[in-house]
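One-letter residues, chain by chain:
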Amino acid sequence: MNCMHESPIVTLGGIQFDLAAIIMIVVTCVIVFVLAKIGTSRLSANNPGKMQNFLEWVVDFVQGLIGKTMDMKKGKSFLMLGITLIMFIFVGNMLGLPFGIVTEVHTPRPWLGITEAKLHAAEAAGKHIELAWWKSPTADVSMTMGLAFMIIVMVHYLGLTRNTHHYLKHYVEPHWAMFPLNVIKEISKLLTLGLRLFGNIYAGEVLIGVIIMAGAWGIIPLIVWQGFSVFVGAIQAFVFTILTMVYISQVIEHADEH
């Protein structure tokens, strides 16, 4: 019998909350906090530890990203944002790779979105329902789109407050007739930022699940694909972070001229 993976959904005030996504976001935050705490707890200029060396490398790497997109005099205030983004997204991307936690559901659990009708429908299709509790938080489209939405709102806020004239003017450049297309371009930034991250991580986890179903024949492909997924997860953290800095630079690049 095949299985159907469902998310544990709780509805409060008419709003649906994915418990698995919330749990994994919290886990990711805790891991990033612990890494930062360990790396900065015993700072040493003469004999730095491995974690301190790693964090210093991350800081230098993010500084390099910012320096490629804008003047560091303007970009230094976004250093912690960049470090937080790249660490949070990378750690989140990795969580769903080593293992998954699922529980089978045999009785209705309406508070988790599993109704009797859904159970009967699954049985009629020759399947059983499993709740997925452990996954990469970035494999959830609501999470990635929410993160992208916060970034885009921050970018527009910076444009309006730090560089008002240039920010408003760019909507009608090079001609006022371009206004609708420029608005669409801004909307597309939200979609591409969030959906690119979600699509890559979700597809990777789905393929890992398919390979696992192959049993012993899938051991070598699984190891290879997990190694490749680490690379993809790192690239996606890099892409999200550098696009954030690019979008910020686009709205503040003329701030000193006005």
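Bear in mind that the values here come from a model prediction, so they are computed numbers and not experimental data.

Caption draft 1: Geometry of the packing of helix α1 (residues 19-41) against helix α4 (residues 79-95). Where α1 meets α4, the closest approach of the two axes is 9 Å, and the angle between their N-to-C directions is 125°. If you check the angle between α1 and α4, you find them oblique. Considering how the two elements wind past one another, α1 and α4 form a crossing that is right-handed. Across the interface between the two elements, Met24, Ile25, Val27, Thr28, Cys29, Ile31, Val32 and Leu35 from α1 touch Met87, Phe88, Val91, Gly92 and Leu95 from α4. The residue inventory of the contact of α1 with α4, partitioned by class, reads eleven nonpolar, two polar and no charged.

Caption draft 2: Highlighting the environment of Val172. Relative to the helices and strands, Val172 is located in the loop between α7 (164-169) and α8 (179-212). Sequence-wise, Val172 and Thr161 are eleven residues apart; in three dimensions their C-alpha atoms are separated by 19 Å. Excluding residues that lie within four positions of it along the chain, Val172 makes contacts with Phe179 and Asn182.

Caption draft 3: Expanded view of the pattern of salt bridges. Applying the stated criterion across every chain, the model contains four salt bridges. Note that Asp18 and Lys135 form a salt bridge whose closest N and O atoms lie 3.3 Å from each other. With Asp18 in strand β3 (residues 15-18) and Lys135 in the loop between β5 (127-132) and α6 (141-162), this pair connects stretches of sequence that are 117 residues apart. Residue Asp18 is classed as buried on the basis of its relative accessible area, which comes to 12%. Residue classification places Lys135 among the buried residues on the basis of a relative accessible area of 13%. Ionic pairing is found between Glu186 and Lys189, a salt bridge with its closest N-O pair at 3.4 Å. In this pair, Glu186 and Lys189 are both assigned in helix α8, three residues apart and thus about one turn of the helix distant.

Caption draft 4: Highlighting the pairing of strand β2 (residues 9-12). Pairing geometry for β2 and β3, over four bridges, is antiparallel. Each bridged residue has a counterpart across the sheet, and for Val10 the counterpart in β3 is Phe17. Turn length for the β2-β3 hairpin, with the two strands adjacent in sequence and antiparallel, is two residues, and the turn residue Gly13 shows positive phi of about 60°.

Caption draft 5: A look at the packing of α4 against helix α9 (residues 219-252). As a packed pair, α4 and α9 sit with axes 9 Å apart at the nearest point and diverge in direction by 155°. One way to sum up the angle between α4 and α9 is to call them roughly antiparallel. Here the hand of the crossing between α4 and α9 comes out right-handed. Between α4 and α9, the contacting residues are Leu81, Gly82, Leu85, Ile86, Ile89, Phe90, Asn93 and Met94 on the first element and Ser229, Val230, Gly233, Ala234, Gln236, Ala237, Phe238, Phe240, Thr241, Thr244, Met245 and Ile248 on the second. Residues belonging to the contact of α4 with α9 are distributed by class as follows: 13 nonpolar, seven polar and no charged.

Caption draft 6: Geometry of the layout of surface pockets. For the second largest pocket, the calculated volume is near 240 Å³. Looking at the second largest pocket, the residues that line it are Leu35, Phe54, Trp57, Val58, Phe61, Ile86, Met87, Phe90, Val91, Ala234, Ala237 and Phe238. Secondary-structure elements contributing two or more residues to the lining of the second largest pocket are α2 (50-69), α4 and α9. Residue classes in the lining of the second largest pocket are distributed as twelve nonpolar, no polar and no charged.

Caption draft 7: Molecular detail of the nonpolar core. In this structure, Leu193, Phe240 and Ile248 are the most contacted members of the largest nonpolar core, which totals 41 residues. Those elements that provide at least two residues to this core are α2, α4, α6, α8 and α9. Ranked by residue count, the leading element in this core is α9, at ten residues. Beyond its immediate chain neighbours, meaning those up to four positions away, Leu193 contacts Ala148, Ile151, Ile152, Phe240, Leu243 and Tyr247. Counting residues in each nonpolar core, the second largest holds eight residues, with Val10, Val105, Leu112 and Leu131 among its members.

Caption draft 8: Looking closely at empty space enclosed by the protein. According to the stated counting rule, one finds one cavity of 30 Å³ or more in the structure shown. Residue lining of the largest cavity: Leu193, Arg196, Leu197, Gln236, Val239 and Phe240, and that is the complete set. Secondary structure elements with two or more residues in the lining of the largest cavity: α8 and α9. Taken together, the residues of the lining of the largest cavity sort by class into four nonpolar, one polar and one charged.

Caption draft 9: Broad picture of the packing of aromatic side chains. Counted by the stated rule, this structure contains six aromatic pairs. Ring geometry for Trp57 against Phe61: centres 5.2 Å apart, planes inclined by 15°, an arrangement best described as stacked. A residue pair is termed a helical-turn pair when its members lie 3 or 4 positions apart in one helix, as Trp57 and Phe61 do in helix α2 at four residues. Looking at Phe61, the relative accessible area reads 30%, which means it is partly exposed. Pairing Tyr171 with Phe179 gives two aromatic rings, centres 6.2 Å apart and planes at 55°, and the pair type is tilted. Of the residues examined, Tyr171 reaches a relative accessible area of 13% and is grouped as buried. An aromatic cluster is defined as three or more aromatic residues linked by ring pairs; in this entry it consists of Trp57, Phe61 and Phe238.

The rules behind each value
Residues numbered from 1 in each chain as written. Predicted model: local features only at pLDDT ≥ 70, side-chain atom pairs only at ≥ 80, totals over all residues. Heavy atoms only, no water. Axes fitted to C-alpha atoms, helices over the stretch in contact; angles between N-to-C directions. Helix = DSSP H or I, 4+ residues; strand = E, 2+ residues; numbered from the N terminus. Parallel < 35°, antiparallel > 145°, perpendicular 65-115°, else oblique. Left-handed = near helix turned anticlockwise from the far one by under 90°. Contact = heavy atoms within 4.5 Å. Nonpolar A, V, L, I, M, F, W, Y, C, P; charged D, E, K, R; others polar. Salt bridge = Lys/Arg side-chain N within 4 Å of Asp/Glu carboxyl O. Buried < 20%, exposed > 50% of the residue type's maximum accessible area, 1.4 Å probe, protein only. Pairing = 2+ DSSP bridges. 1 Å grid on protein atoms, 1.4 Å probe; cavity = no way out; pocket = protein on both sides within 12 Å on 5 of 7 lines; lining within 4 Å. Points joined across faces, edges and corners; volume = space filled by probe spheres on them. Core = buried A, V, L, I, M, F, W, Y, C linked by side-chain atoms within 4.5 Å. Phe/Tyr/Trp six-rings, centres within 6.5 Å; stacked < 30°, edge-to-face > 60°.

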